[in-house]
Amino acid sequence: MPDQLNIAVFASGKGSNFHGILQGIQTGTIRNAQIVVVISNNANAGALVIARENNIPAIYMNRTDFPDDAEFNAAIVTTLENHHANFIVLAGYVKLIDVSIVRAFRNGIVNIHPALLPKFGGPGMYGRRVHEAVIAQHEKISGATVHIVDEKYDHGPIVLQKTVPVISDDTPESLAARVLQIEHELYPEAIRLFTEGKIVVQDQQVTIQQ
Ligand code: GRF
């Protein structure tokens, strides 16, 4: 890992996870890191508002504004280069990151998923659907997972997980709120471990050094 993490955040929604990481940096819990750009496929994303309020470049980029995948991905790469990003944090980004970017940032892209992977992940498993599925399968425990991004949705090596109970009268919304609360602890903690060089990825396996 580089000495200084120049983080590009990709977010599609509210941006509360992005905000949690930003606060970790601003309060000094996370050192040697800065958020250099926030990219969203949603022009109305709260994440873009938070970025602008904090003088972080906030960029809307949507595939539909480009003639093809190649030009869209090239524009993303150019944006990452222009802001000297060397690490990518997916924080509620609902699109798949192209393999060319995954390869260029191998082991340098992380995602947070609102369930205990490898269960309840994969294509289409995001937002409310994750919690609906957890409740439908009568799980007693759910949680959040921070993982390294590889070529498949919700698939790469797991960095950190934290659990929450599933309560008998939970709705997808009440469970989502409980999970989101721990996401706000888990994601900054994972980024802190990266900035301190404590995450080692080898053979698709993460080791956390003491
Ligand atoms: C979180 O639940 C995260 O796990 C999922 O999308 C949600 C994003 O929330 N990938 P926010 O935009 O960070 O508030």
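Residues numbered from 1 in each chain as written. Predicted model: local features only at pLDDT ≥ 70, side-chain atom pairs only at ≥ 80, totals over all residues. Heavy atoms only, no water.

Before going further, it helps to examine the overall build of the protein. Secondary structure assignment for the protein yields six helices and nine strands. Dimensions along the principal axes, computed over C-alpha positions, put the protein at roughly 50 × 45 × 35 Å. Per-residue burial for the protein yields a buried fraction of 47% across its 210 residues. A total of about 10,300 Å² of accessible surface is found on the protein, and carbon and sulfur atoms cover 50% of it. Where the 16 positive side-chain charges of the protein centre and where its 21 negative ones centre are 4 Å apart. (Helix = DSSP H or I, 4+ residues; strand = E, 2+ residues; numbered from the N terminus. Buried < 20%, exposed > 50% of the residue type's maximum accessible area, 1.4 Å probe, protein only. Areas by Shrake-Rupley, 256 points an atom, 1.4 Å probe, with all protein chains shown as cover. Lys, Arg positive; Asp, Glu negative; His and termini not counted. Charge placed at Lys NZ, Arg CZ, Asp CG, Glu CD.)

Below, the discussion takes up the pairing of strand E1 (residues 5-10). Counting buried residues in E1 gives six out of six residues, a clear majority hidden from the surface. Of the two faces of E1, both are covered, the one formed by Leu5, Ile7 and Val9 as well as the one formed by Asn6, Ala8 and Phe10. The pairing of E1 with strand E2 (residues 33-40) spans six bridges and is parallel. Within E2, the position partnered with Val9 by the bridge is Val38. Judged from the four bridges that link them, E1 and strand E4 (residues 87-90) form a sheet pairing that is parallel. Of the residues in E4, the one forming a bridge with Phe10 is Leu90. (Pairing = 2+ DSSP bridges.)

To continue, consider the packing of aromatic side chains. Under the criterion given, the structure shown has three aromatic pairs. Considering the side-chain rings of Phe10 and Tyr93, the 5.1 Å spacing of their centres and the 70° angle between planes classify their relative orientation as edge-to-face. Remark: Tyr93 occurs in the loop between E4 and helix H4 (99-104) and Phe10 occurs in strand E1; sequence separation between them is 83 residues. Of the two residues, Phe10 and Tyr93, both sit in the buried class. (Phe/Tyr/Trp six-rings, centres within 6.5 Å; stacked < 30°, edge-to-face > 60°.)

Quick look at the pattern of salt bridges now. Under the definition given, this model contains 11 salt bridges. A salt bridge links Lys162 to Glu185, with the shortest nitrogen-to-oxygen separation between them at 2.6 Å. On the criterion of sequence distance, the pair formed by Lys162 in strand E7 (residues 158-165) and Glu185 in helix H6 (residues 172-195) is long-range, its members being 23 residues apart. Judged by relative accessible area, Lys162 falls into the partly exposed class, the value being 33%. (Salt bridge = Lys/Arg side-chain N within 4 Å of Asp/Glu carboxyl O.)

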